[in-house]
Amino acid sequence: MEKAQTHPARFVFASIGIFLCGFTLALILLGSTAFQRFLGNWHPLAVLLGSLALGWLLLTNPLKRWNFLIVGSNWKQGLIAAIGLATALALLMGMLDVRVRLPEDLNVPFPESLLFYPTIAFIVEVAFHLLPLALLLLVFGQIGKSIDREKLVYLGLPFAALIEPAFQLGVTNDYVIPTWAYFFVLVHIAVINICQLLLFKRYDFLTMYVFRLTYYLWWHVVWGYFRLPILFN
């Protein structure tokens, strides 16, 4: 039986979309080049609108069939868990940064970061979590028809959790840091993804998104601002 949608999912999703479109337009009008670093020549507003449309389609059709919700009945408990876990993991990464000094240009500068990271966080969730998970469950559902659906979900989560670490292999390959620190970063990213997907399964998409928002707030925005004078002056 599918879990009931007990909160205004459309309102929550539309609100997120409106804010993110506003953030993206503001960055474009300000002449920011922050998105080029991640999206290349793709227009950021087009990518965001496409991500919003795809995210809504996936969350209201294939993923909902597997009991994944936009906003669940225990969303308050989920947000507390997400904020706590994300804060702890961001602290760990900050401690690593102090120890080995990751690249100076790691983060989008403040105050652009306040508008950029909530937007890129949503795009990342759709690209690295919603779409891969939906495709994996589609395949697993076809080849494992005799297997309990709940078991298939937990079988798919680890595979979906490896998408972002695999992507980061290329990004972090240029870091001039000790080998142990390089592998720490990759494992750290994998743990983040596992935590997010488990929160998605237990609670909802809002919880998963708030986890990344919280992590980005501490790691990219707050620490991203203070690390420059602390580590590089």
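Everything numeric in this text was worked out from a predicted model, so none of it was measured.

Draft legend 1. Representation of the side chain of Asp97. Take Asp97: it is sitting in helix α5 (residues 75-100). Looking at Asp97, the relative accessible area reads 0%, which means it is buried. A distance of 2.8 Å separates a polar atom in the side chain of Asp97 from a polar atom in the side chain of Trp223. Excluding anything up to four places from it in sequence, Asp97 contacts Leu102, Trp219, Trp223, Arg227 and Leu231.

Draft legend 2. Structural detail: the nonpolar core. If you look at the biggest cluster of nonpolar residues, it comprises 77 residues, and the most contacted ones within it are Leu63, Phe68, Phe122, Leu130, Leu133, Phe200 and Tyr215. Of all elements in the fold, only α1 (9-29), α3 (44-60), α5, α6 (112-143), α7 (149-161), α9 (179-202) and α10 (205-231) reach the threshold of two or more residues within this core. Here this core gets 15 residues from one element, more than from any other, and that element is α6. Among all residues touching Phe122, those that are not within four sequence positions of it are Phe13, Ile16, Leu20, Leu48, Ser51, Leu52, Phe205 and Tyr209.

Draft legend 3. Spatial organisation of the side chain of Asn107. Its location among the elements puts Asn107 in the loop between α5 and α6. For Asn107, a relative accessible area of 11% corresponds to the buried category. Within the local environment of Asn107, its side chain forms a polar contact with the side chain of His220, the two groups lying 2.5 Å apart. Those residues in contact with Asn107 that sit more than four places away from it in its chain are Arg37, Tyr117, Trp219, His220, Gly224 and Arg227.

Draft legend 4. Expanded view of the pattern of salt bridges. Inspection of every chain in the model, using the stated rule, returns three salt bridges. Note that Asp97 is salt-bridged to Arg227, the shortest N-O span being 2.6 Å. Of the two residues, Asp97 is situated in helix α5 and Arg227 in helix α10; the sequence distance between them amounts to 130 residues. Overall, the relative accessible area of 0% leaves Arg227 in the buried class. If you follow the salt bridges from partner to partner, you end up with Glu125, Glu164 and Arg212 in one network.

What counts and what doesn't
- Residues numbered from 1 in each chain as written.
- Predicted model: local features only at pLDDT ≥ 70, side-chain atom pairs only at ≥ 80, totals over all residues.
- Heavy atoms only, no water.
- Helix = DSSP H or I, 4+ residues; strand = E, 2+ residues; numbered from the N terminus.
- Buried < 20%, exposed > 50% of the residue type's maximum accessible area, 1.4 Å probe, protein only.
- Polar contact = N/O pair within 3.5 Å; in protein donor to acceptor, adjacent residues only side chain to side chain.
- Contact = heavy atoms within 4.5 Å.
- Core = buried A, V, L, I, M, F, W, Y, C linked by side-chain atoms within 4.5 Å.
- Salt bridge = Lys/Arg side-chain N within 4 Å of Asp/Glu carboxyl O.

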